[in-house]
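# Report on the structure
Listed here are the chains, written in short residue letters.
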Amino acid sequence: MRPGLLTSTRLAFVVPGYAISSWAPLIPHVQERIGLDAGRLGLALLALGAGSMATMPFAGWLVGKTGCRRLFATAGCAIAAILPMLAIVRTALMLSVTLFALGVALGLISCARNLHAIYTERALDRRLMSGFHGFYSVGCIFGAGTMSLLMGTGVAPHLSIVVVASLILLGVLISTPRITDQRSGKGPAYARPRGVVLVIGLLCFITFMAEGSVLDWSALLLSDHFGLDAARAGLGYVAFAITMTGGRLMGDRLVRRFGDRHMLLSGPLIAAAGFILATVPLHWTLAVGGFALVGAGLANVVPLLYSAVGRQTIMPQNLALTAAGSIGFAGVLTGPAAIGFLAEWASLATSFLLLAFLTAIVARFAPQTARGH
């Protein structure tokens, strides 16, 4: 039973990563089909994050009522049903509505998978959260790769996404029987984060802000500083994604060897050094190496903070996880935009130096959360 529990939990993390990344290669097709300019497309894309943000504060209460298993299965099936609709919508409004619905389903499945992961760590008495998030990253790689491969070989976009949705549904059906059915019907629909849960939420906010900023701004930094073309300017994020995925897959082993406190201290400091290195205008390869350090340093911060949520006793775990996660996810939405405003006022290099300072703050306070209180 225990090997099956571990495998199903890993698959439960692969599924949402596979789903969200499969949408990215479809974006140019949808933009051309509907006839959206960059501005209108950007507004429509905000609906995805808005759906998750609107759902996550209440997802903990919902999973407490229904259990992880039922919520995971329902949200996973909803994702498989919604994705093909993205390839056939004909208006910007319908695209926004569909993306909002997808965001809702992703928010629910994220809550269910993380709470189940906490249960799995406790059931197996092992530190496993970093590896689980590593499998989410693996899912992202394979989701985008599957869509790109299918569309690159001439398969129509709407048929390609149907294939992907079918694989998602298969993953949900395989993993669901092993998902925990534990639930707690007590507690409010939303609980205000307090104590260590609030601290964890704020630290997640900074970490997610840093991750999102690398995705949105690393290529522009490389092109501005070193005049790189579009192909090479993307290498910063590639290096970041590779080291983050590898760091998470090795994270559980590192945590068992060095402990939570050491990892939560050294990781953000490594990321801060990476941000500083990325802004040094010496050679573009050093900047790419800096982004690789950022990925390695941040890889295990959020998984370890989520594990700390599972050990704290100030709030019920289901409410604490979604309260902290809601604050953290806000960093994904607002952080990169704030970096853009600062870059407009000062410079992009200044913005990344601010991220270095903020990740150093994470190194100052995150080790204290390892105690769970």
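Thresholds applied
Residues numbered from 1 in each chain as written. Predicted model: local features only at pLDDT ≥ 70, side-chain atom pairs only at ≥ 80, totals over all residues. Heavy atoms only, no water. Helix = DSSP H or I, 4+ residues; strand = E, 2+ residues; numbered from the N terminus. Rg over C-alpha atoms; globule rule 2.2 N^0.38 Å. Contact = heavy atoms within 4.5 Å. Areas by Shrake-Rupley, 256 points an atom, 1.4 Å probe, with all protein chains shown as cover. Lys, Arg positive; Asp, Glu negative; His and termini not counted. Charge placed at Lys NZ, Arg CZ, Asp CG, Glu CD. Buried < 20%, exposed > 50% of the residue type's maximum accessible area, 1.4 Å probe, protein only. Polar contact = N/O pair within 3.5 Å; in protein donor to acceptor, adjacent residues only side chain to side chain. Axes fitted to C-alpha atoms, helices over the stretch in contact; angles between N-to-C directions. Parallel < 35°, antiparallel > 145°, perpendicular 65-115°, else oblique. Nonpolar A, V, L, I, M, F, W, Y, C, P; charged D, E, K, R; others polar.

## Some details on the overall build of the protein chain
For the protein chain, the count of helices and strands is 15 helices and 0 strands. The C-alpha radius of gyration computed for the protein chain amounts to 20 Å, which stays within 12% of the reference 21 Å derived for 373 residues, consistent with globular compactness. Pairs at least 24 apart in sequence give 84% of the contacts found in the protein chain among residues at least 6 apart. Here the protein chain displays about 15,600 Å² of accessible surface, and carbon together with sulfur accounts for 69% of that area. For the protein chain, the separation between the mean place of its 26 positive charges and that of its 12 negative charges on side chains is 15 Å.

## With respect to the side chain of arginine 248
Tracing the sequence through the fold places arginine 248 in helix H10 (residues 235-258). Of the residues examined, arginine 248 reaches a relative accessible area of 6% and is grouped as buried. A polar contact of 2.7 Å, which involves the side chain of arginine 248, links it to the backbone oxygen of alanine 299.

## A closer look at the packing of helix H8 (residues 196-226) against helix H12 (residues 284-298)
Relative to each other, H8 and H12 sit at 175°, their axes nearing to 11 Å. One element, H8, and the other, H12, form an angle in the roughly antiparallel class. Between H8, through Thr207, Ala210, Glu211, Val214, Ser218, Leu221, Leu222 and Phe226, and H12, the contact on the second element is made entirely by Trp284, Ala287, Val288, Phe291, Val294 and Leu298. Within the contact of H8 with H12, the residues separate by chemical class into 11 nonpolar, 2 polar and 1 charged.

## Some remarks on the side chain of asparagine 114
By the element assignment, asparagine 114 lies in helix H5 (residues 92-124). With a relative accessible area of 3%, asparagine 114 lands in the buried category. A polar contact of 3.0 Å, which involves the side chain of asparagine 114, links it to the backbone oxygen of serine 110. With sequence-adjacent residues up to four places away left out, asparagine 114 is seen in contact with Phe13, Met129, His133, Tyr306 and Leu321.

So yeah, pure geometry; function would need other evidence.
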